[in-house]
Amino acid sequence: MHISSKVTRLFDFPYHQLQNYPQQDCLVSKENNEWKSISTQKYIEDANTVSKALLNLGVKSGDKIAVITSANQPKWHLLDIGVMQIGAVNVPLYPTFSEKDYAYILDHSDSIYCFVSDDELYQKVIKVQRQTQLKKVFTFEELDADYGWDSFLNLGKDKTLQTKVDELKETIKPSDLATIIYTSGTTGTPKGVMLSHHNIVSNVFAVGKRIDLQGNQKRVISYLPICHIFERAASYYCQYMGFEIHFAENIEKVGENLREIKPHFMAVVPRLLEKVFDKIIDKGSNLTGFKKRLFFWALKLGEQYKPYKENGWWYEFKLSIARKLIFSKWKEALGGQLDFMLAGSAPTQTRLVKIFTAAGIPVFEGYGLTETSPAVSVNDRRNNGFRLGSVGKVIENVTVKIADDGEILVKGPNVMMGYYKSPEKTSETIKNNYLHTGDIGELDNDGFLKITDRKKEIFKTSGGKYIAPAILESELKKSRFIEQVMVIGEGEKMPAALIQIASDFVYRWAKRHNHTITDITSDEKLIKRIQKEIDYSNRKFGKWEQIKRFEITPEEWTIDAGHLTPTLKMRRKVILEKYNNLCQKIYNPQ
């Protein structure tokens, strides 16, 4: 990937594409069950209409515009470019935020206009509008109402405004604020991360050098929330490369859409990989006889995978057979064209990285934060740049050092400008130009970074022993009975776990054993069976770390109920509050 000196601001990406390899199918989405595409030319024309409409509304350089979409789609990108190229600031919000969060963020960010994708979000924002500085809320829907998409675009029909757009565009510097992203935060009030054009552009190019994709005849699928910097940076990279961006209809339909789109590349979060894997295992378990034996033989082989043919020729020979007979079907299920997947946002189980990579769909894990726009390090199969259990080598122009207490500190052009309207939080986080990540890790002699835990999540038992919950949780989640698990026990005499069972699997298991479950939280046969899974995991850990007791939560953990963040990470504080009664039961049994 050669670096273009012309691209220095985020809105330069589509213009670069228009100049170098204009696409007929630049942005592709499904409407009324039919795939519709927008060309690069149309993308830029529409973005300019958006800019003119905003100018007509009196939007000035530095004004904040909030955008909320429940599914990724072209209009988000038209707004993104249209907002930024006149010097205004894009404030993207998660569709899953509560009304209380909307009221807080819209007001705190000083947003003066807000765009939403649908009526449900429109109603949510209208309810809190009086607590904010919003002048008006528009919707992506093409309604007759004066707040519909068409009426908004009509405000941009005045051709004479284009000169103003072009003039404003020229005045925007790479160091200017481009976007404020509010972290959904697993703790406390959302913070507004301020990122400049240069923060993100430098990161897109540095990561691009680690991505082994050639040519511009590629399709990608966009489905992770676009308000999340991981997906957003990936989409700028794809625009730069001239790839076709296809939008999944929603997260539930990703499987179906993958087979229709046949993408060459996708960004994934670990939870999604786990779900894909569970589905594959389910199919394998329903096979019988020789086919079933073959399936589990291939799986076992995958679990022993090592890159760069380290296992020797005999292993590679067996692997080639497994790929032909079994793994090729997995690849087909994901569209058949995937070169690799890029994983980020939370730690990925090494076992899954091994299995998918063995199957011919490599998973390259990276590491980053919203505050680092996002990437700090990425695995890359070239030049021995791929190491299992690591998040790769640190990218160009970024420096990582490990503090005395193990915390990962980052310095570079990707480090944020600061938290919006919060100088004290900024100076707590950035000291001597180094961003304190809150993650614990190590750098090995070859420069590979390894994340061992979240600083905030490590706790001590009353016996003074340190417990790193993420490692225990990752091990326990390998069980097909366990969908989610949270290790608890801060200040208590032993660690314990709150478990959300994998209900589909558990009910099928019960049926196979002619057993009826009336209450998952107290079913003795199920509890015994899960105890077996825990005993199995415990063998890998020291006495003080082993899970001594557990409780099953009555409901599924969801984003909507607040258990999980929009990228499916656990909100520990919320889960603890919700299941305080279960914690009492574990530590103070009557």
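Residues numbered from 1 in each chain as written. Predicted model: local features only at pLDDT ≥ 70, side-chain atom pairs only at ≥ 80, totals over all residues. Heavy atoms only, no water.

Q: Explain the pairing of strand β7 (residues 177–182) to me, and be specific about the residues and the numbers.
A: On a regular strand, each side chain points to the face opposite its neighbour's, so the side chains alternate between the two faces of the sheet. Extensive coverage of β7 is indicated by the burial of six of its six residues. Sheet topology places β7 next to strand β8 (residues 192–196); five bridges connect them, and they run antiparallel. Opposite isoleucine 181, over in β8, you have valine 193 as the bridge partner. (Buried < 20%, exposed > 50% of the residue type's maximum accessible area, 1.4 Å probe, protein only. Helix = DSSP H or I, 4+ residues; strand = E, 2+ residues; numbered from the N terminus. Pairing = 2+ DSSP bridges.)

Q: Describe the packing of helix α1 (residues 12–20) against helix α9 (residues 229–241), listing the residues and the values that go with them.
A: Following both chains from N to C, one finds α1 and α9 inclined at 20°, their axes separated by 7 Å at the closest point. With respect to α9, the element α1 is oriented roughly parallel. For the pair α1 and α9, the crossing hand works out as left-handed. Contacts between α1 and α9 involve Phe13, Pro14, His16 and Gln17 on the former and, on the latter, Tyr236, Cys238, Gln239 and Tyr240. The residue makeup of the contact of α1 with α9, split by class, is five nonpolar, three polar and no charged. (Axes fitted to C-alpha atoms, helices over the stretch in contact; angles between N-to-C directions. Parallel < 35°, antiparallel > 145°, perpendicular 65-115°, else oblique. Left-handed = near helix turned anticlockwise from the far one by under 90°. Contact = heavy atoms within 4.5 Å. Nonpolar A, V, L, I, M, F, W, Y, C, P; charged D, E, K, R; others polar.)

Q: Explain the packing of helix α2 (residues 40–56) against helix α3 (residues 74–84) to me, using residue names and the numbers behind them.
A: Here α2 crosses α3 at 55°, and the two axes come no closer than 8 Å. Taken together, the axes of α2 and α3 are oblique relative to one another. For the crossing formed where α2 meets α3, the hand is right-handed. Facing Tyr43, Asp46, Ala47, Val50, Ser51 and Leu54 of α2, the residues of α3 in contact are His77, Leu78, Leu79, Ile81, Gly82 and Val83. Class assignment for the residues of the contact of α2 with α3 results in eight nonpolar, three polar and one charged.

Q: Give a detailed account of the pattern of salt bridges, specifying residues and quantitative values.
A: Considering all chains together, one arrives at 30 salt bridges under this definition. Here arginine 387 makes a salt bridge to aspartate 446, at a shortest N to O gap of 2.8 Å. Placement of arginine 387 in the loop between β14 (375–378) and β15 (393–394) and of aspartate 446 in the loop between β20 (434–443) and β21 (449–454) is noted, with a sequence separation of 59 residues between them. We classify arginine 387 as partly exposed; its relative accessible area is 32%. When salt bridges that share partners are traced, they join Lys30, Glu249, Lys253 and Glu260 into one network. (Salt bridge = Lys/Arg side-chain N within 4 Å of Asp/Glu carboxyl O.)

Q: Describe the state of the cysteines, with residues and values.
A: Summed over the entire model, instances satisfying the criterion amount to zero disulfides. No disulfide involves cysteine 26; its sulfur sits 10 Å from the nearest other cysteine sulfur, which is in cysteine 238. (Disulfide = S-S within 2.5 Å.)

Q: Explain the sheet that holds strand β24 (residues 482–488) to me, and be specific about the residues and the numbers.
A: Pairing within the open sheet is mixed, and its three strands lie in the order β24-β25-β26. Both edges of this open sheet fall to β24 and β26 (549–552), since each of them pairs with a single strand only. In this sheet, adjacent strand axes meet at a mean angle of 25° when their direction is disregarded. Here four bridges tie strand β25 (residues 496–501) to β26, and the two strands are oriented parallel to one another. From the neighbouring strand, alanine 496 faces β26, where its bridge partner is arginine 549. Its contacts with the sheet put helix α18 (residues 524–538) on β25 and β26, and the angle it makes with β26 is roughly 130°.

Q: Describe the nonpolar core, naming the residues involved and giving the relevant values.
A: In this structure, Phe115 and Trp330 are the most contacted members of the largest nonpolar core, which totals 150 residues. Top element by residues in this core is α9. It accounts for eight residues. Beyond its immediate chain neighbours, meaning those up to four positions away, tryptophan 330 contacts Phe277, Ile280, Phe295, Leu299, Ile355 and Ala359. Leu526, Ile530, Ile534 and Phe550 belong to the second largest nonpolar core, which has 25 residues in total. (Core = buried A, V, L, I, M, F, W, Y, C linked by side-chain atoms within 4.5 Å.)

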